[in-house]
Amino acid sequence: ESTVKAVLDNVHNDTVRGMCSLPDGGLLTAGGKMDATVRVWDSFDFDNASPLVKEDLDGATDEMQVVTNSKILDQPGYVFDLKVLPDSNGSGVYAVAAARYNVIKIVI
């Protein structure tokens, strides 16, 4: 049986095109063309999310942690894919490679 750790609410204004886990436990998400943002979700927010109780049509309730805080990156904008490029020296610093058509942007 799987468990929902957190729900990312109001994530993007369009389809979520990509997701990528971060070395620090966070998450990157990329919105579709109408949204054109890449967002960083901090792992701290996953552990300290606000609880939300939802009731289904049968009256059963389910409690989920809802995360609404994210940082929108200035670059790269609308992308098709995301990859994390960790520092090979183990510093904890990482870059994000983002691809759209024939362009790859690397953002630190």
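Participant: Whenever I open this one, a nonpolar patch on the surface confuses me. Can you help?
Facilitator: There is a patch of nonpolar side chains on the surface, built from Leu85, Val93, Ile104, Ile106 and Ile108 and spanning about 560 Å² of accessible area. Locating Ile104 in the fold gives a position in strand β10 (residues 103-107).

Participant: I would appreciate a short explanation of the packing of aromatic side chains in the present structure.
Facilitator: Aromatic ring pairs are defined here through the distance separating the ring centres and the angle between the ring planes. Evaluated as defined, the whole model comprises 2 aromatic pairs. Look at Tyr78 and Phe80: their rings are 5.4 Å apart centre to centre, the planes differ by 85°, and that puts the pair in the edge-to-face class. Summarising the aromatic geometry, the rings of Phe80 and Tyr101 are spaced 4.8 Å apart at their centres and angled 80° between planes, so their arrangement reads as edge-to-face. Placement of the pair is Phe80 in the loop between β7 (71-72) and β8 (81-86) and Tyr101 in the loop between β9 (94-100) and β10, with a sequence separation of 21 residues. For Phe80, a relative accessible area of 28% puts it in the partly exposed group. Looking at Tyr101, the relative accessible area reads 63%, which means it is exposed. Each residue in the set Tyr78, Phe80 and Tyr101 is aromatic and connected to the rest through ring pairs, giving one cluster.

Participant: Help me out: how do you make sense of empty space enclosed by the protein in this one?
Facilitator: The gaps of empty space that remain are located by a probe, the size of a water molecule, rolled over the atoms. One pass over the structure, following the stated rule, counts 1 cavity of 30 Å³ or more. Reported here for the largest cavity is a volume of approximately 50 Å³. Those elements that provide at least two residues to the lining of the largest cavity are β9 and β10. With 3 residues, β9 is the single largest residue contributor to the lining of the largest cavity. The residue inventory of the lining of the largest cavity, partitioned by class, reads 6 nonpolar, no polar and 2 charged.

Rules and cut-offs
Residues numbered from 1 in each chain as written. Predicted model: local features only at pLDDT ≥ 70, side-chain atom pairs only at ≥ 80, totals over all residues. Heavy atoms only, no water. Patch = residues over 30% accessible without salt bridge, like charges linked within 9 Å, V, L, I, M, F, W, Y side chains within 5 Å. Areas by Shrake-Rupley, 256 points an atom, 1.4 Å probe, with all protein chains shown as cover. Salt bridge = Lys/Arg side-chain N within 4 Å of Asp/Glu carboxyl O. Helix = DSSP H or I, 4+ residues; strand = E, 2+ residues; numbered from the N terminus. Phe/Tyr/Trp six-rings, centres within 6.5 Å; stacked < 30°, edge-to-face > 60°. Buried < 20%, exposed > 50% of the residue type's maximum accessible area, 1.4 Å probe, protein only. 1 Å grid on protein atoms, 1.4 Å probe; cavity = no way out; pocket = protein on both sides within 12 Å on 5 of 7 lines; lining within 4 Å. Points joined across faces, edges and corners; volume = space filled by probe spheres on them. Nonpolar A, V, L, I, M, F, W, Y, C, P; charged D, E, K, R; others polar.

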